[in-house]
Amino acid sequence: MRTAADASEPCDFPVAREKPVLIDFANSVIRREDLETTNAESAIARPRYSFSTKLIKSLLSPEKKSTRRNVCRLISELKRRSDCPRVLVIGGGSEGQGMKALYADPDVKIFAFDIYSTPQVQFVADAHDIPIVDGYFDGVVVQAVLEHVLEPQRVADEIRRVLKPGGLVYAETPFMQQVHEGAYDFTRFTESGHRYLFRRFALIDSGSSGGPGRQLMWAVDYFVRSVFRSRSAGKIAKLAFFWAVYFDAIIPADYAIDGASGVYFLGTKSDQAVGPDAIIAHYGGAQ
């Protein structure tokens, strides 16, 4: 790791719940005083689900088959490159949806960080300035994180920096999802925009992760909650439209890209960059 000991000026890094906090507070939306006051708890309330609410959640947000498929492919690609690959999970305060196979694989060594402290992370950090030496990891996973950073390109560049030559990145990011996590939600990407964000990576695969059906279900939720000024009313309406997400299984990939709730990218660190002409040619939607 690139830690305080490597810096030219001595730094006083705090510790939260026995996890080092490696954040440049002068250049982060995270405030040191807030972190120390809360002992690095999440600024967003993380719900605890009972059996019944887990059942409802499984209807409203079923695990994406594309994520499971992509994670299996990621593991296979990692093992072609290393017998014991090291993988960094950005935003790893909790295990991401569809990531079970990655965490369960005994040959993959997982390192994780987030902007809050949980038992799943090794340290607390800001993805704009990852406290890791160059070329350390075989793979990086960044799922449902890039919408929450102020400078996604800077984070993508940091991901590339900490990867070994030919290292792998797997990213999932919202396209047509409504605001979530309030003040900590900043950006959305089309599939082409997401590809261009990772333009210094060679493409293995990209596409929709959550299609128009899932997006319709979320849109109904936010429409109803806005009309009635009630989150509960929105959730009831969302539950009434739970069936919409299952239509994603029959929507062709090109139509799904244009109306996706989210997009994914799997690629390898490259010395070549995708140019403007190439990104126009990359578009694979139905228009």
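Residues numbered from 1 in each chain as written. Predicted model: local features only at pLDDT ≥ 70, side-chain atom pairs only at ≥ 80, totals over all residues. Heavy atoms only, no water.

**Describing the overall build of the protein**
Then comes step 1: A tally of regular secondary structure across the protein gives 10 helices and nine strands.
Then comes step 2: The globule rule puts the C-alpha radius of gyration for 287 residues at 19 Å, and the 19 Å found for the protein is close to it.
Then comes step 3: C-alpha extents for the protein along the principal axes are approximately 55 × 45 × 35 Å.
Then comes step 4: Considering only contacts in the protein between residues 6 or more positions apart, those separated by 24 or more positions represent 76%. (Helix = DSSP H or I, 4+ residues; strand = E, 2+ residues; numbered from the N terminus. Rg over C-alpha atoms; globule rule 2.2 N^0.38 Å. Contact = heavy atoms within 4.5 Å.)

**Here we look at the UniProt feature "domain: Methyltransferase type" (unreviewed entry) in the protein**
Then comes step 1: Here the UniProt feature "domain: Methyltransferase type" (unreviewed entry) sits at residues 121–170.
Then comes step 2: Span residues 121–170 is 22% helix and 36% strand, its end C-alpha atoms 19 Å apart. (UniProt positions renumbered as here; feature names shortened; annotations may be inferred.)

**Things to note about the layout of surface pockets**
Then comes step 1: Here the second largest pocket is characterised by a volume of approximately 530 Å³.
Then comes step 2: Together, 22 residues line the second largest pocket, and K65, S66, G210, D248 and A249 are the ones closest to its centre.
Then comes step 3: If you list the elements that add at least two residues to the lining of the second largest pocket, you get helix 3 (65–81), strand 8 (201–208), helix 7 (212–228) and helix 9 (253–258).
Then comes step 4: With four residues, helix 3 is the largest single contributor of residues to the lining of the second largest pocket.
Then comes step 5: Residue composition of the lining of the second largest pocket, grouped by class: 10 nonpolar, five polar and seven charged. (1 Å grid on protein atoms, 1.4 Å probe; cavity = no way out; pocket = protein on both sides within 12 Å on 5 of 7 lines; lining within 4 Å. Points joined across faces, edges and corners; volume = space filled by probe spheres on them. Nonpolar A, V, L, I, M, F, W, Y, C, P; charged D, E, K, R; others polar.)

**With respect to the pattern of salt bridges**
Then comes step 1: The full count for this structure, using the stated rule, is 18 salt bridges.
Then comes step 2: As a salt-bridge pair, R161 and D134 come within 2.7 Å of each other at their nearest N and O atoms. In this pair, R161 sits in helix 5 (residues 152–162) while D134 sits in the loop between strand 5 (123–125) and strand 6 (137–143), placing the two residues 27 residues apart along the sequence.
Then comes step 3: A relative accessible area of 16% means that R161 is categorised as buried.
Then comes step 4: Between R161 and E158 there is a salt bridge, with its nearest N and O atoms 2.8 Å apart. With R161 and E158 both in helix 5 and three residues apart, this pair spans about one turn of that helix. Here R161 matches E158 in class, with each residue buried.
Then comes step 5: Each member of the salt-bridge network shares a partner with another, and the members are R31, E33 and D34. (Salt bridge = Lys/Arg side-chain N within 4 Å of Asp/Glu carboxyl O. Buried < 20%, exposed > 50% of the residue type's maximum accessible area, 1.4 Å probe, protein only.)

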